[in-house]
Amino acid sequence: MARHVLRFGPVPRGAVARALGLSAGSLTRLGSALLDAGVLVETDPVTDPVTRRPTRPLDVALAAHRVLGVALAGGAAWGVLTDLRAGVRARARVPLGGASPDAVVAAVAALAGELGVPRPDAVGLAVDGQVDADGRVQADVLGRRPPVDLAGPLRAATGAEVVVGDELTCATRTEHWTGLGREHTGFAVLALGAGVGHGLVVADRVVDSPDAGLQPLGHLPLESTGPRCPRGHRGCATALLGTPALLAAAQVATGLPVTWAELLADAVDGDRRARQVLDDAAAHLGRLVALVAGVTGVDQVLLVGEGADLAVVGYEALRAALDGHRDPRARPVELTVRDHDPHDWARGAAGAAAQAFATGPRWLSGVRR
């Protein structure tokens, strides 16, 4: 019951009973125990949309627990302090002083100090790399070395519930827990940046894969005559949609080096060459979205990452390609684009850690049954 309220709250008592199949007596007994324990709280009265009767919705005592989320990127550790619903209360950034596990632990400790949470209830760490089930990480930020254990040292240093994962799986878990997943039982997350990554929720469950951090979708072929990616694949998603590839294409088209922000601005301002580069890329993105939606059956796609603005600037080309590669009788695919902030990956880590804490034994250990 408490976990249902955490995910969907504030929620009227009647809605909780209907969702969980509880009788009025069971709802009262469980709700009273959770209210007495301080796990749940009552909010201001509203009208139940089904019964049309006044009710005081239940919510979680969010301020009672604090979660630290950390992401490693660009020689820095990005941190956020959140509640159990991954609501960001504060954020900070510290330099990453090396590529060793000790340097990561030191950076997490520094962020905990900056954010005023020396003993958080849970810690989440997101990395751009591959993470196995035991929290061993192989990532560029840690140098070219065999997988190293980060979960163990972090657990020993903080005494907290620790989750270590690749950044896109963490973000997908958090979106399932607190975002699109509150209204939709299936959706895909596409991350655009140096490469192309994806996360997936089907039948209200996150689809896990040990290869998620390797961004396998990024090497899916989209254009047989396209350029090659750094791994030599011709016309794959990374070669056609990765920001380095698009900046290289823009330099060829214009004769001048540009930044990603400049390329977007030039296209918006009517530069024909910049517009062509981005429209071509947006059309490739539309085909990729159509492929993902067709294979998985989802009709909700979330675009994140530093390259996600491609979907905004090139929306007409994207939509034309997406619709052109789907049966006109199929449900339309709805697109959501999130503004990019490096702290978003840290929030994803916090959400994954909050979910692990709330589904483990510690959160409700003091509640009378």
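This section reports on the structure supplied with the text. Note that the coordinates shown come from a computational prediction; the quantities given were computed from them, not determined experimentally.

Some thoughts on unusual backbone geometry
A cis amide bond links Gly9 with the next residue in sequence, Pro10, at an omega value of -5°. Its place among the elements puts Pro10 in the loop between α1 (2–8) and α2 (13–20). One non-glycine residue with positive phi stands out, namely Asp204, at about 65°. Within the secondary structure, Asp204 is located in the loop between β14 (196–202) and β15 (205–206). The phi angle at Gln215 is positive, at roughly 55°, despite the residue not being glycine. By the secondary structure assignment, Gln215 is in the loop between β15 and α7 (237–241).

A look at the packing of aromatic side chains
Across all of its chains, the model carries 0 aromatic pairs by this definition. Positioned above the aromatic ring of Trp78 is the side chain of Arg93, whose terminal nitrogen or guanidinium carbon lies 5.1 Å from the ring centre.

Let's talk about the state of the cysteines
Considering all chains together, one arrives at 0 disulfides under this definition. The thiol of Cys236 is unpaired, and the distance to the nearest cysteine sulfur, on Cys229, comes to 3.7 Å. By relative accessible area, which is 1% here, Cys236 ends up buried.

Notes on the sheet that holds strand β10 (residues 136–139)
The strand order β9-β10-β11 describes an open sheet built from 3 strands, whose pairing is antiparallel. Where the open sheet ends on each side, the last strands, each with one partner, are β9 (129–131) and β11 (148–149). Relative to β10, β9 runs antiparallel, the two sharing 3 bridges. Its bridge partner lying in β10, Gly129 is registered against Ala139.

Regarding the environment of Gly242
Position of Gly242 among the secondary structure elements: in the loop between α7 and α8 (243–254). In this structure Gly242 comes out as buried when scored by relative accessible area, which is 0%. It is 8.6 Å that separates the C-alpha atoms of Gly242 and Gly218, two residues lying 24 residues apart in sequence. Once residues lying within four places of it in the same chain are set aside, the contact partners of Gly242 are Gly193, Ala194 and Ala237.

Cut-offs applied
- Residues numbered from 1 in each chain as written.
- Predicted model: local features only at pLDDT ≥ 70, side-chain atom pairs only at ≥ 80, totals over all residues.
- Heavy atoms only, no water.
- Helix = DSSP H or I, 4+ residues; strand = E, 2+ residues; numbered from the N terminus.
- Phe/Tyr/Trp six-rings, centres within 6.5 Å; stacked < 30°, edge-to-face > 60°.
- Lys NZ or Arg CZ within 6 Å of the ring centre and 35° of its normal.
- Disulfide = S-S within 2.5 Å.
- Buried < 20%, exposed > 50% of the residue type's maximum accessible area, 1.4 Å probe, protein only.
- Pairing = 2+ DSSP bridges.
- Contact = heavy atoms within 4.5 Å.

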